[in-house]
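The chain contents come next:
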Amino acid sequence: VYWTVQASIDRQMGARIDAEIEILKGELRSEGSAELTREIETRINYFGALEYFLADADGNRLAGNLSNLPTTDGWSDIAIADQPQGKDPKYFRVKTVHLDNGYRLVVGDDLASKEDIRRAFLGALGWALLAFLVLTLTAGALLSSAFLSRVDAIGRTAEAIINGDLGSRVSLRGTNDNFDRLAATLNRMLDQIQLLMESLSQVSNDIAHALRTPLGRLRQKLEVARVASGANSKCKKTIDAALDE
């Protein structure tokens, strides 16, 4: 955008200078050099929008308010240093052309307006960039905080399950985003794990219940055999070992 604006200003400035030169060339052809000189002085005194320098074939000034004649023909940028004390030099975009009678005509425009626009544009761009950075960092911090809070929720649920609370589940926010879908998947996995653990516990209880009766009978028989063994210490020792098992 900056370069587009600068190029547009340059085109407008060049078109204005070219149009002014064509008008003055027509003035020379129709009215002569004396009228051209008066026309330039009139434009300087009453309009003041552009800068002029008219010189004869020997380079002598005939009219104009520019302090010096550019050394090259065509387009150039020149600086006028003869400013009041403490003032910076003024810069002009000028075009130098040769007229039909050997005169040299210079028409220029002050580059201060272009510089003002450049400073204003860069200043606005700087503020826009600062605002963009602030908004970006703020949005990044908020997104990071929201992301970490969801991760922490999953971490807390995992810690609770590690500590034995198989009923803990990751909370859902109802937003159906990636985290919600991940949380729903984890919850289904935990439901399945809990169901498997409950099934395993039930099977273990069933096995223990099924073994209780035959083991009780076996113990009773061993105790009867121990009483019946009498003084047979070897047999009694073997029965005691079986009872311990």
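What this report covers is the structure whose coordinates are included nearby. (Residues numbered from 1 in each chain as written. Predicted model: local features only at pLDDT ≥ 70, side-chain atom pairs only at ≥ 80, totals over all residues. Heavy atoms only, no water.)

1. So, the layout of surface pockets
The method is simple in principle: a probe with the dimensions of a water molecule rolls over the atoms, and the space it marks as empty is what remains. This is how the line gets drawn: Only protein atoms enter the calculation, which uses a 1 Å grid: trapped sets of points that fit a 1.4 Å probe without letting it out are cavities, open sets showing protein on both sides within 12 Å along at least five of seven lines are pockets, and any residue with an atom within 4 Å of a point is a lining residue. Grid points are joined across faces, edges and corners, and a volume is the space filled by probe spheres set on the points. Put simply, DSSP H or I for four residues or longer makes a helix, DSSP E for two residues or longer makes a strand, and each gets a number counted from the N terminus. All residues other than Ala, Val, Leu, Ile, Met, Phe, Trp, Tyr, Cys, Pro, Asp, Glu, Lys and Arg, Gly among them, are scored as polar; the first ten of these are nonpolar and the last four charged.
Volume-wise, the largest pocket comes out at about 260 Å³. Along the walls of the largest pocket sit 13 residues, with Pro-89, Tyr-91, Leu-111, Ala-112 and Glu-115 positioned nearest its centre. For the lining of the largest pocket, the secondary-structure elements that each account for two or more residues are β4 (90–98) and α3 (112–162). In terms of residue count, α3 provides more of the lining of the largest pocket than any other element does, 6 residues in total. In terms of residue class, the lining of the largest pocket is made up of 4 nonpolar, 1 polar and 8 charged.

2. Let's talk about the pattern of salt bridges
Going by this rule: What makes a salt bridge here is a side-chain nitrogen of Lys or Arg within 4 Å of a carboxyl oxygen of Asp or Glu, nothing more. Relative accessibility decides the category of a residue: with a 1.4 Å probe and only protein chains considered, values under 20% of the type maximum give buried, values over 50% give exposed, and everything between is partly exposed.
Counted under the stated rule, the structure contains 18 salt bridges. Salt-bridge contacts for Arg-93 lead to Asp-77; the nearest nitrogen and oxygen are separated by 2.4 Å. Of the two residues, Arg-93 sits in strand β4 while Asp-77 sits in strand β3 (residues 74–80), which places them 16 residues apart along the sequence. You can call Arg-93 buried: its relative accessible area is 17%. A salt bridge links Arg-219 to Glu-223; the shortest N-O distance between them is 3.3 Å.

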